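Given next are the chains, with one letter for each unit.
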Amino acid sequence: MKRLTFLVLIVFLSPYSFLEAQTKKTSLQKNNLKGNVKSVEEFEYGMIDANGTIEKETETGSTLFHYNRSGFISEQKVFDSKGMMGYKTKYEYENNRCVKETYYNSKNKIIERWVATYNEKGKIKEAYRVFEGKNIEKIQYTYDNTGFVVEEKWLLNDVLFHKKLYIHDPINHTIEKKMLDKHGNKTATEIATYNAEGILMEESKYNYQDSLKGKTICIYNKKEQLIEEHNYGSNNTFEGKIVFTYDEKENIKEENWYDNNNQRTTNITNTYTFDANGNWIEKIEYDTELQTGFIYKRKITYYN
């Protein structure tokens, strides 16, 4: 059940946060936070019993997020149950584009840095990671005249070790990605289909022999919220699905998991308490099958 909290909030891990920076949504919008949010501190507490009453309310840890006035995350800190920092990440922006991420350990020592540069169209040209004090990992992007990425190179200390080739079909809104090793041999293929708004509708993954490894189909409502996720196996056989429902404030209200026989295996309900801005400050996440759950609480501050 803890998966939901981290799925909703922690979406900033490199190098994908640089790619996320190219989208139109701010960090607040992606995390369904309303108003001029300055910081969010989220605490996880103990379990609740089958009757929905609190068995124990003991803090097990917290995560603190700071946002700039443009709505983008500027810092993230993770603490244990004793209030000791486990790690920290700082984010720097230029023209609302993330250009640097710096990671710190529990002793506030830098352990890793990501730095990105952009082209004249605002697309990432190169991102590189410095870690272990000396090793440098680079990602280099090449685009066509329409702005679509066509090649992605991964280098370690300037030696190529991985490459992705992109083939775009703007008419059918599909993108084919071919993964190659350092010798140019294909290792895998992914084919994704998007709607006209650029939202993922279907994704299939294949091995180096072009045999299907798995497929995911996504279904959305009119608000572009994911309401169903269908998963298929290597033989294109149905493996299960997840069905989501939302409340009027666009938070996940219920999550139902089904097996390959379309029988429900998990039912998770979320009950919220909101502040005056419509952001939740307490969430009870309850698994009706296991008859147990967790409590999450938030302290939210706003810019004046």
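Everything here concerns the structure above.
What counts as what
- Residues numbered from 1 in each chain as written.
- Predicted model: local features only at pLDDT ≥ 70, side-chain atom pairs only at ≥ 80, totals over all residues.
- Heavy atoms only, no water.
- Helix = DSSP H or I, 4+ residues; strand = E, 2+ residues; numbered from the N terminus.
- Buried < 20%, exposed > 50% of the residue type's maximum accessible area, 1.4 Å probe, protein only.
- Contact = heavy atoms within 4.5 Å.
- Areas by Shrake-Rupley, 256 points an atom, 1.4 Å probe, with all protein chains shown as cover.
- Salt bridge = Lys/Arg side-chain N within 4 Å of Asp/Glu carboxyl O.
- Core = buried A, V, L, I, M, F, W, Y, C linked by side-chain atoms within 4.5 Å.
- Pairing = 2+ DSSP bridges.
- Polar contact = N/O pair within 3.5 Å; in protein donor to acceptor, adjacent residues only side chain to side chain.
- Phe/Tyr/Trp six-rings, centres within 6.5 Å; stacked < 30°, edge-to-face > 60°.
- Lys NZ or Arg CZ within 6 Å of the ring centre and 35° of its normal.

Caption draft 1: Spatial organisation of the overall build of the protein. When helices and strands are counted, the protein shows three helices and 20 strands. When the 304 residues of the protein are sorted by exposure, 40% land in the buried category. Look at the contacts in the protein between residues 6 or more apart in sequence, and 27% of them connect residues 24 or more apart. Looking at the protein as shown, the accessible area adds up to about 17000 Å², and 48% of this sits on carbon and sulfur atoms.

Caption draft 2: Representation of the pattern of salt bridges within the structure. Per the stated rule, a full pass over the model turns up 14 salt bridges. Arginine 298 serves as the salt-bridge partner of glutamate 42, at 3.9 Å between the closest nitrogen and oxygen. Taken together, the positions of glutamate 42 in strand 1 (residues 37-48) and arginine 298 in strand 20 (residues 292-302) put the pair 256 residues apart, joining distant regions of the chain. Of the two residues, glutamate 42 and arginine 298, neither departs from the other in class, the shared state being buried. Here glutamate 289 and arginine 264 are joined by a salt bridge, their closest N and O atoms 3.7 Å apart. Linking glutamate 289 in the loop between strand 19 (280-287) and strand 20 with arginine 264 in strand 18 (residues 264-274), this pair joins segments that are 25 residues apart in sequence. Its relative accessible area of 40% is what places glutamate 289 among the partly exposed residues. Linked through salt bridges whose partners overlap, the residues forming this network are Glu112, Arg129 and Glu137.

Caption draft 3: The nonpolar core, seen in detail. By size, the foremost hydrophobic cluster in this structure holds 22 residues, and its most contacted members are Leu33, Val37, Val40, Tyr67 and Tyr118. Those elements that place two or more of their residues in this core are strand 1, strand 2 (61-67), strand 5 (97-104), strand 6 (110-118), strand 7 (124-131), strand 8 (135-143) and strand 9 (149-156).

Caption draft 4: Quick look at the side chain of glutamate 137. Looking at the secondary structure, you find glutamate 137 in strand 8. Dropping the residues within four chain positions of it, glutamate 137 is found in contact with Trp114, Ala127, Tyr128, Arg129, Phe131, Trp154, Leu155, Leu156 and Phe161.

Caption draft 5: Unusual backbone geometry, seen in detail. For asparagine 95, which is not glycine, the phi torsion reads 55 degrees and is therefore positive. The residue asparagine 95 is located in the loop between strand 4 (85-94) and strand 5 in this model. In the Ramachandran plot, glutamate 224 falls in the positive-phi region, its phi being about 65 degrees despite a non-glycine side chain. Following the sequence through the fold, glutamate 224 ends up in the loop between strand 14 (212-220) and strand 15 (226-232). Relative accessible area serves as the criterion here: at 43%, glutamate 224 is assigned to the partly exposed category.

Caption draft 6: Structural context of the pairing of strand 20. Judged from the six bridges that link them, strand 19 and strand 20 form a sheet pairing that is antiparallel. In the strand pairing of strand 20, aspartate 287 is matched with threonine 292.

Caption draft 7: Expanded view of the side chain of histidine 162. If you trace the backbone, histidine 162 turns up in strand 10 (residues 159-169). A distance of 3.4 Å separates the side chain of histidine 162 from the backbone oxygen of leucine 180, its partner in a polar contact. Not counting residues within four places of it along the chain, the set of residues in contact with histidine 162 comprises Glu152, Lys153, Trp154, Met179 and Leu180.

Caption draft 8: Broad picture of the environment of valine 78. Tracing the backbone through its elements, the reader meets valine 78 in strand 3 (residues 73-80). When the C-alpha positions of valine 78 and serine 106 are compared, they lie 9.3 Å apart, and in sequence the two are 28 residues distant. Among residues more than four places away in sequence, those in contact with valine 78 are Ser62, Thr63, Met84, Met85, Gly86 and Tyr87.

Caption draft 9: Looking closely at the packing of aromatic side chains. In this structure the tally under the stated criterion is four aromatic pairs. Between tyrosine 232 and phenylalanine 238 the ring centres are 5.7 Å apart and the planes differ by 65 degrees, which places this aromatic pair in the edge-to-face class. Classification of phenylalanine 238 by relative accessible area gives partly exposed; the value is 23%. Here tyrosine 272 and tryptophan 280 contribute two aromatic rings whose centre-to-centre distance is 6.1 Å and whose plane-to-plane angle is 55 degrees, an arrangement assigned as tilted. Per residue, the accessibility class of tyrosine 272 equals that of tryptophan 280, and both read buried. Here the guanidinium or amino end of arginine 97 rests over the ring plane of tyrosine 118, the centre of that ring lying 5.9 Å away.

Caption draft 10: Region of interest: the environment of isoleucine 124. Residue placement: isoleucine 124 occurs in strand 7. The class of isoleucine 124 is buried, set by a relative accessible area of 0%. A C-alpha to C-alpha distance of 8.2 Å links isoleucine 124 and glutamine 140, two positions 16 residues apart in sequence.

Caption draft 11: Up close: the pairing of strand 13 (residues 200-207). Bridge count for strand 12 (residues 186-194) against strand 13 is seven bridges, and the pairing is antiparallel. Residue pairing in the sheet places glutamate 190 in a bridge with lysine 205 of strand 13. Joining the antiparallel neighbours strand 12 and strand 13 is a turn of five residues, in which glycine 198 adopts a positive phi near 85 degrees. Connecting the antiparallel pair strand 13 and strand 14 is a turn made up of four residues, with aspartate 210 showing a positive phi of about 65 degrees.

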